[in-house]
Amino acid sequence: MLPDLTSIQPAFVGFNFRNTVAAEQNPNAAENDTQIQGRDTSLADDAHFSIEEQRQIEALKARDAEVRAHEQAHINAAAGIAVSGASFSYQTGPDGNRYAIGGEVQIDTSPAPGDPEATLRKAESIRRAALAPAQPSAQDFSVAANAARMASDARIELLKQTQENAGPQFGTAIDIAV
């Protein structure tokens, strides 16, 4: 029997945007695939499926739509930092069609070496991309927090550069002769 896919929250692994069903919950269900497979979404032959199978198919369809919308939101917000399109994990339903149950979009999270302004802009883009979906996952929030730290570090570096370029302004001794 399949898990109730309508209550599964998206998850995130590493720095790849990802939401997927945990393997221990459904060990034989997921199959990694980077190709979006076409499928017949109509159930004209409902008579061939039990009520339980029909519920499973509807749950898979809903999960598929949720996963695809989630990953598309990441892609739309990740302009310039996405290093791949969305890739999906699939589960085959009782109707023989494959449904996306997890996905990821890989993004470049490295700082711009020697350029804190570029790093700051990139960190803000990473944060926007991580929080783009309507319902960001816990891991999406984690990536956003890492991006906020990256932005903070870049701001500190910018302050240091500004202070170094301005020279000493406070505490300079002036010799006054009378």
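Let's shift gears to the overall build of the chain. The helix and strand inventory of the chain stands at three helices and four strands. Scanning the chain from its N terminus toward the C terminus, one meets helices and strands in the order β-β-α-β-β-α-α. Expressed as a percentage of its 178 residues, the buried residues of the chain come to 37%. Considering only contacts in the chain between residues 6 or more positions apart, those separated by 24 or more positions represent 70%. Of the roughly 10,500 Å² of accessible surface on the chain, 52% is carried by carbon and sulfur atoms.

With that out of the way, let us pick up the pattern of salt bridges. Two side chains that carry opposite charge are able to pair once their charged atoms sit near each other. For the structure shown, the criterion picks out six salt bridges. The residue Asp 64 makes a salt bridge to Arg 68 at a minimum N-O spacing of 2.9 Å. With Asp 64 and Arg 68 both in helix H1 (residues 51–77) and four residues apart, this pair spans about one turn of that helix. Neither Asp 64 nor Arg 68 differs from the other in exposure class; each is buried. Here Lys 122 makes a salt bridge to Asp 108, at a shortest N to O gap of 2.8 Å. Of this pair, Lys 122 sits in helix H2 (residues 116–130) while Asp 108 sits in the loop between strand S4 (98–107) and H2, and the two are 14 residues apart along the sequence. Judged by its relative accessible area of 15%, Lys 122 is buried.

Here H2 contains 15 residues, and its C-alpha end-to-end distance of 21 Å stays within 8% of the 21 Å for a straight helix at 1.5 Å per residue. Taken together, the buried positions of H2 are occupied by Pro 116, Ala 118, Thr 119, Leu 120, Lys 122, Ala 123, Ser 125, Ile 126, Ala 129 and Ala 130.

Turning our eyes to something else, we now look at H1. Counted at 1.5 Å a residue, the expected span for H1 with its 27 residues is 39 Å, and the 39 Å between its end C-alpha atoms agrees. Every buried residue belonging to H1 is among Gln 56, Ile 57, Ala 59, Leu 60, Arg 63, Asp 64, Val 67, Arg 68, His 70, Glu 71, Ala 73 and His 74, and all of these are buried.

Let us now look at the nonpolar core. Ala 78, Ile 81, Phe 88, Ala 100, Ile 107, Leu 120 and Ile 126 are the most contacted members of the largest nonpolar core, which totals 21 residues. Counting residues per element, the ones that place at least two in this core are strand S3 (82–92), S4, H2 and helix H3 (138–166). The element best represented in this core is H3, accounting for seven residues. For Ile 81, the contacting residues outside a window of four places in its chain are Gln 106, Ile 107, Asp 108, Lys 122, Ser 125, Ile 126 and Ala 129. Core analysis: the next-biggest nonpolar cluster, separate from the first, contains five residues, Phe 49, Ile 57, Leu 60 and Tyr 99 among them.

Attention now moves to the packing of aromatic side chains. Under the definition given, this model contains one aromatic pair. Their ring planes at 55° and their centres at 6.3 Å tell us that Phe 88 and Tyr 90 sit as a pair that is tilted. The residues Phe 88 and Tyr 90 share a single accessibility class, namely buried. Sitting over the face of the ring of Phe 88, Arg 68 holds its NZ or CZ atom 4.7 Å from the ring centroid.

Here is the key point about a regular strand: its side chains alternate between the two faces of the sheet. Pairing of S3 with S4, which is carried by eight bridges, proceeds in the antiparallel orientation. Bridge pairing links Thr 92 to Arg 98 in S4. Between the end of S3 and the start of S4, which pair antiparallel, lie five residues, with Gly 96 showing a positive phi angle near 85°.

Rules and cut-offs
Residues numbered from 1 in each chain as written. Predicted model: local features only at pLDDT ≥ 70, side-chain atom pairs only at ≥ 80, totals over all residues. Heavy atoms only, no water. Helix = DSSP H or I, 4+ residues; strand = E, 2+ residues; numbered from the N terminus. Buried < 20%, exposed > 50% of the residue type's maximum accessible area, 1.4 Å probe, protein only. Contact = heavy atoms within 4.5 Å. Areas by Shrake-Rupley, 256 points an atom, 1.4 Å probe, with all protein chains shown as cover. Salt bridge = Lys/Arg side-chain N within 4 Å of Asp/Glu carboxyl O. Expected span 1.5 Å × (residues − 1). Core = buried A, V, L, I, M, F, W, Y, C linked by side-chain atoms within 4.5 Å. Phe/Tyr/Trp six-rings, centres within 6.5 Å; stacked < 30°, edge-to-face > 60°. Lys NZ or Arg CZ within 6 Å of the ring centre and 35° of its normal. Pairing = 2+ DSSP bridges.

On their own, these measurements won't tell you what the molecule is for.
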